[in-house]
Amino acid sequence: MDPTRVAIVNDVDLSPVGKIAAALEIAGFWEILRRTQLGRPADALRLVIKPEFSGYTADSPLATDPSLVEGLIDLLHDRGFAGLTVVGTTDSSGLWAENRDIYALSDLLGYSFVTPNGRAYDIVDLGDGSDEAAFPLGSALHGTGLSRLWLDADIRLVFAKNRTDEENGYALALDSLIGVLPLADKNLHYRQRRHPGDVAAALLDVAPVHFVLIDAITSTHGAAGSRAPETVDTDTLIATPNIMLADYIGALKMGIDPNVSRILARVGCKHPLPTHYTVCGPLAAYPDWQNVPAPLLRSTQIRAGAITLDRLIEPWLQRLDPELFPLKNPLDARLNAMLAEFFADSAKSPTSQWLLIAANLLLGLIGHIVESYRTLFDKDALHHAAVPLGIDLSNVDDTAFTDLTRELIQLEPIATDAPQMSDGLRWRYIEDTVVFHYSQTLPIDFDLFVKSVDIAHTIQFMNDYLGGVVVPLAHDATGRPTRQAERNVYLPQPNYLVLYHGKPIDVSKLEVVEYDANRHRLYWKTIGSENGSATYDDGIATFERTGEGTCITIVGRQLFTLPLFWQVFDLNLVPDIKSVLVTHAYRTFFDRTLSNFAALVEGRDIRLGRPVDEPAPATSDRLMELLGKIGEIAAPLLQRADQAAQTGSHEHRETDADGFVHVQPALQQHQVPDSPAPGIDRWIAEFGQFIGGLQQAAVRDLIQSAEHE
Amino acid sequence: MRALVTGAAGLIGSHLVRALVQRGYSVRAMLRDASRRDALAGLPVELVVADVLHPGHDLDTACAGCDIAFHSAAHFAYTGVDAATLHITAVTGTENLLTTCALTGVRRVVVTSSSVVFEHQATAIPIDETARLAGGAGEPPYISAKIAQHRRALELAAALRLDVRLACPTMTLGRTAGHLGPSNGLIVAYLADPFACTFPGGCNLVAARDVAAGHAIIAEHGSAGESYLLGSDNLTWQQIHTAIAELAGVPAPRLELNQALSFLAATAEELRASVRGRAPLSTREQASMVGRYYWYSHAKAAALGYAPASARTALVEALSWLAESPHISREIRAGMHLDVDVYRYRAAVAQGEPA
């Protein structure tokens, strides 16, 4: 098999479109089309081209140059490939700026819908015509849609722009690819509530990209990335059939480690680079290229963790043409005018850069505090975790399941004979892991219990389950799953570890389910942890018929990764304290899990948090709403202050014939009402009632106390 | 016998409809247009839409042909309903119904009053129907409204020559399709309280099922112009909260708040609820009742055959329903471990056995 080819064309003698032609040739594009044709006429091939549209000015260096896209269309037409469509969708900027729908945007960016050679083309919004079943169970995007136009295309081509990015170091083809997804608020759904790497990988699973071009004729470099683009002539065009390779080579040309991008790093786990590839062209970094400084990059990543605040300041910092893309919210417009230009200097001005870094860190800290509060006290304000299955099922065979049951059964006697630490809970340490045995009986008839509680989903019913996916792999004669793979995400355990930046427990497991007339069992063994939060999380949950109801026994072995603070502050040095903490943590976890089982029998929804794809309005709109409410409350105060000011300062002055100035008090002139504003009245009345009520209560306490004495 | 029940969708009304059906009455259940019908689903009753605040054709039609009326329509609230509305619903509503009953030939009316009309004690001594009616001054608007209703019902009974009997339930617990109400709310408030606070004083708890049966007994065996307290056990708040803790499997009371602290805690809860846009679980009006003993004797009704279940049973029934209802949040439910008695009650109900 021929190695994958990457073309880096920077021949100064070639025009930009000439560079495209050369790159297509070198990277084997026409050969790909020929193979895909399968004897069909060229014009029967359905091609879709996804350029980058994220510009905020006419001729924006952030967007793929429309003249190059049109040049590419002409090249395709020249070879008979007329069945092509340019595609795009609205992104999150549509929430806060006007003219961001794909039709208005493409027009403002300079698309003319007819090529220089007179070939008409369409631009289609991929937000329309979604197939809601596009992503299978186990995909990070399962339950969301994808355009049928994109899915059904014979050739999917991404035409990315060469640009730095404050959060990922660079934004190339994988970033552009996310733009084919239909939900308008892309940042929220595909970058913040889901890992963008999981999203891109899920897209490549169901609709691989056949070819990638990177427009590096004029690039955007510098510290501010897409926020305040700084153009640089790089006069290069990159082309390859492999999207991972496109970003990889694109990053090398920027002189940056490709894995700086969390998108590429994550996608690479599932779609690694080809083992054999050939690069045709210079790999030396672009001259004078400037990347995002590491402190700014890291602080932006920290700020990105504070989703609401990150969304709030995005329109304030984005440099844009307010004539073409007016901001919807007056607060945004005001702050954008004040801040965007100031922070646009972050590439050159150390003051601006360090202020931005400080602001990023502060917002990140606030976000962490809010997240910690929610984890500890307001779990239902959190959003579900949407993650893909973290197991490559092609590597899993029968022996994996038989081995795991055999191995886990050996845990039972060890756990059963562990010392009793609390009612129903036993545990002990083995090789740094906690081996535990928890058993309680719910006075619920076994048959009713197993009818109400799907044992195969036991893991999802455990305390603090935030999200995940379970993929059945084998079933019994009645259709019940007997073998399955699962990935699950829990809140940090114990919850207070979130204060120390404790990670959510994120583990992928293989599971076996057994069903008997009087006993159902689930075995699970951890295969891996995407975020390194657990080394062991294995166990057996047994549900057994007894005279008192249903006995639930959970035996397991766990070793979770502690946050850095607790690794340094070694609790093993104070075993008594550690023992109390471990007992409390397990007791709380399993008691609440037991309550979840009981609640399921009651028909309750026990899932904590909110749906991952719950829409969120622009944060500035919410801020305006809040300010409006504060204004309503403060209005009476302001009114009174205003009246007072008028009373004090607007005295009427008259000079008489003798030159004496006569001052008339303002109160007489303005007839300021005797009574204050109604809002104030209410406040005073409320406060009076409060004081009166408190006074009465205190008096009653005193009388009662005296009577007792 | 054909019976009209006003407020048939409410806590007492819905249980009353069920009790009357079980006793063989032909029941006409009267609701307002906006009332939920869930609690009456499947019952062999005639539903009529009318409002005691709007006398006229609908109310006349609802009363026409009935032998007896049970007037249980009321607002039971310490928050969210202003004093004027509480008063109008209680007094004007009762006036309208009694007048219409007199006009349409309904000769007997059982009015749902309240035990609070007989005041409270500063010490742990139960009150009976021989106590004087409370004055109402300085009381929360709900209590003032019930006192006014009670007095007005007795006045009108004499004026209209109607056989009016007054049922005076104590703190009534049980399943309801409507809003939570202050009585069931006391359970939720304790479960939601992270500090597990209790208070001095106490009250009398009774199951809605028993209150409903009590109404029927008063109608059948009571006397005109008489009031009957319908309660069960008299308990201190400490005992009530301890029982809730045992049955729900949550921490027992840890802290007894005096009246001043209760007032401050209620203020904080009202502020919290206001910020969150929800109804508060406790109010300053309720806090003003802390330290008092709302203890009552139901001996007079018992002499007619009224035999309520224990207060603990009332709590079991209420908790069984609350635990599976949306009134208890997911997070609170996750911290509850229901007592075996709650499961036994559910099993009995599932098998159609009387609990």
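Above this note sits the structure.
Treat the numbers as computed from the prediction; the structure is a model and nothing was measured. (Residues numbered from 1 in each chain as written. Chains lettered and ligands numbered in written order. Predicted model: local features only at pLDDT ≥ 70, side-chain atom pairs only at ≥ 80, totals over all residues. Heavy atoms only, no water.)

### Details of the overall build of chain B
Test applied: Going along the chain from the N terminus, every DSSP run of H or I of four or more residues is numbered as a helix, and every run of E of two or more is numbered as a strand. To get the radius of gyration, use the C-alpha atoms; to get the globule rule, take the number of residues to the power 0.38 and multiply by 2.2 Å. Relative accessibility thresholds used throughout: buried, under 20% of the residue-type maximum; exposed, over 50%; partly exposed, between the two (1.4 Å probe, protein chains only). Throughout, a contact is declared for two residues whenever any of their heavy atoms are within 4.5 Å. Only the protein chains shown count as cover for residues, and the accessible areas themselves come from Shrake-Rupley with a 1.4 Å probe. Charged-residue counts in this description rest on Lys and Arg as positive and Asp and Glu as negative, His and the chain ends being excluded. The atom standing in for a charge is NZ when the residue is Lys, CZ when it is Arg, CG when it is Asp and CD when it is Glu.
Along its length, chain B carries 13 helices and 13 strands. In terms of overall dimensions, chain B is globule-like: its C-alpha atoms have a radius of gyration of 19 Å, near the 20 Å expected for 355 residues. Each of the three principal axes of chain B carries a C-alpha extent, and together these read 55 × 50 × 40 Å. The proportion of buried residues among the 355 residues of chain B is 55%. Taking the contacts inside chain B whose residues are at least 6 apart along the sequence as the reference set, 77% of them involve residues at least 24 apart. Total accessible area computed for chain B in this model is approximately 13900 Å², and 55% of it derives from carbon and sulfur atoms. Chain B carries 29 positive and 31 negative side-chain charges, and their two centres are separated by 2 Å.

### Things to note about unusual backbone geometry
Residues and elements named next belong to chain A. Between Gln493 and the following residue, Pro494, the backbone shows a cis peptide bond with an omega angle of -15°. Mapped onto the elements of the fold, Pro494 is located in the loop between strand 16 (481-490) and strand 17 (505-515). For Leu38, which is not a glycine, the phi torsion comes out positive at approximately 50°. Tracing the sequence through the fold places Leu38 in the loop between helix 2 (29-37) and strand 2 (47-51). We classify Leu38 as exposed; its relative accessible area is 73%.

### Digging into the sheet that holds strand 16 of chain A
Residues and elements named next belong to chain A. Going by this rule: Any two strands with at least two DSSP bridges between them are considered paired. Inter-axis angles, ranging from 0 to 180 degrees, are taken between N-to-C directions of lines fitted to C-alpha atoms, where helices are fitted over the stretch in contact.
Judged by pairing direction, the sheet is antiparallel, and its 9 strands sit side by side in the order 12-13-14-20-19-18-17-16-15 without closing on themselves. This sheet does not close on itself; its edge strands, each paired only once, are strand 12 (420-422) and strand 15 (465-475). Strand after strand, the sheet turns through a mean of 20° between neighbouring axes, direction not considered. In this sheet, strand 20 (residues 549-560) lies alongside strand 14 (residues 433-442) in antiparallel orientation, the contact comprising 9 bridges. Opposite Val435, over in strand 20, you have Arg557 as the bridge partner.

### With respect to the interface of chain B and chain A
Put simply, the rule is: For any pair of parts, buried area is found by adding up, for both, the accessible area (1.4 Å probe) each one loses once the two are put together. The salt bridge definition used is simple: a Lys or Arg side-chain nitrogen within 4 Å of an Asp or Glu carboxyl oxygen. Here a polar contact is recorded for every N or O atom pair within 3.5 Å, except that within protein the pair must consist of a potential hydrogen donor and a potential acceptor, and residues adjacent in sequence are included only if both atoms are side-chain atoms.
Contacts between chain B and chain A engage 28 residues on the former and 28 residues on the latter. At the boundary of chain B with chain A, total buried surface from both sides reaches about 2300 Å², with 47% on carbon and sulfur atoms. On the chain B side of the interface with chain A, the three residues burying the most area are Gln259(B), Arg330(B) and Tyr343(B), jointly 29% of the side's total. Of the charged contacts, one joins Glu602(A) and Arg346(B) as a salt bridge, the two residues approaching to 2.8 Å between their closest N and O atoms. The interface formed by chain B and chain A contains 15 residue pairs in polar contact (both at pLDDT 80 or more). Among the elements of the structure, helix 8 (259-276), helix 9 (284-287), helix 11 (311-323), helix 12 (330-334) and helix 13 (340-350) of chain B are those that each provide at least two residues to the side of chain B that touches chain A. It is helix 8 of chain B that contributes the most residues to the side of chain B that touches chain A, 6 residues altogether.

### Here's the deal with the packing of helix 1 (residues 11-22) of chain B against helix 6 (residues 208-221) of chain B
All names here are of chain B. Stated formally: Our angle categories are set so that under 35 degrees counts as roughly parallel, over 145 as roughly antiparallel, 65 to 115 as roughly perpendicular, and the remainder as oblique. Crossings are sorted by hand: turned counterclockwise from the far helix by less than a right angle, the near helix makes the crossing left-handed, and turned clockwise it makes it right-handed. Residues are sorted three ways: Asp, Glu, Lys and Arg are charged, Ala, Val, Leu, Ile, Met, Phe, Trp, Tyr, Cys and Pro are nonpolar, and all the rest, Gly among them, are polar.
In contact at an axis separation of 8 Å, helix 1 and helix 6 are set at 60° when each is read in the N-to-C sense. Taken together, the axis directions place helix 1 and helix 6 in an arrangement best described as oblique. As for the relative orientation of helix 1 and helix 6, their crossing is right-handed in sense. Contact with helix 1, carried on its side by Leu11, Ile12, His15, Leu16, Ala19 and Leu20, involves Ala208, Arg209, Val211, Ala212, Ala213, His215 and Ala216 of helix 6 and no other residues of that element. Across the contact of helix 1 with helix 6, the residue classes break down as 10 nonpolar, 2 polar and 1 charged.

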